[in-house]
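Chain by chain, the residues run as shown.
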Amino acid sequence: ATGTLIEYSIPANTLKATGKILRITCLGTKSGVTNAATIQFRLTASSKQAVTVYDVAYAWRFVIYLIKTGSNTQDWFLDYTCSDTEGWDGSMAATHGNALCAFGTATETDTAAIAFDLNVSAINAADTITQESLIFELLN
């Protein structure tokens, strides 16, 4: 079904100084090959980037860097990949997986907790998306 996967509240002041970097890694799987699914990376329930998990995808990974650039301003970078059980050689996106590198900005109040989640916004009823893990690392 559609809805939120694992969610986490980034504690207030985690990004207390300009240049602080938070790396967020999300790992999961998709079962069923009925249709593609859509997952959104969200901060405070606001979608920052939507990605497609193809119908044959088996494993997926999001690596997100959230970087404080000023008072209540952040840059984010997303590195997303997915692959089916046969692997992915980079040339067969429609049949064996896909990859995406994206960038954007956010204006989250960093002196308050920041809600983070992945949200399944579209999926066929016969398929399943499972988030296996969520890892937060403060890099500096």
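Scroll up a little and you will see the structure.
Residues numbered from 1 in each chain as written. Predicted model: local features only at pLDDT ≥ 70, side-chain atom pairs only at ≥ 80, totals over all residues. Heavy atoms only, no water.

Caption draft 1: Main features of the overall build of the protein. Along the backbone of the protein there are 1 helix and 9 strands. Taking all 140 residues of the protein together, the buried fraction comes to 39%. A separation threshold of at least 6 residues defines the contact pool for the protein, and within that pool the share at least 24 residues apart is 72%. Total accessible area on the protein stands at roughly 6,600 Å², and carbon and sulfur atoms take up 52% of it. (Helix = DSSP H or I, 4+ residues; strand = E, 2+ residues; numbered from the N terminus. Buried < 20%, exposed > 50% of the residue type's maximum accessible area, 1.4 Å probe, protein only. Contact = heavy atoms within 4.5 Å. Areas by Shrake-Rupley, 256 points an atom, 1.4 Å probe, with all protein chains shown as cover.)

Caption draft 2: Broad picture of the pattern of salt bridges. The full count for this structure, using the stated rule, is 4 salt bridges. Among the ionic pairs, Arg 23 bridges to Glu 137, the shortest N-O distance being 2.8 Å. Within this pair, whereas Arg 23 is found in strand E2 (residues 21-31), its partner Glu 137 is found in strand E9 (residues 128-138), the two being separated by 114 residues in sequence. Assessed through its relative accessible area of 24%, Arg 23 is described here as partly exposed. (Salt bridge = Lys/Arg side-chain N within 4 Å of Asp/Glu carboxyl O.)

Caption draft 3: Structural detail: the side chain of Gln 40. By the secondary structure assignment, Gln 40 is in strand E3 (residues 37-43). For Gln 40, a relative accessible area of 18% corresponds to the buried category. Those residues in contact with Gln 40 that sit more than four places away from it in its chain are Ser 47, Gln 49, Ala 50, Asp 117, Leu 118, Asn 119 and Ser 121.

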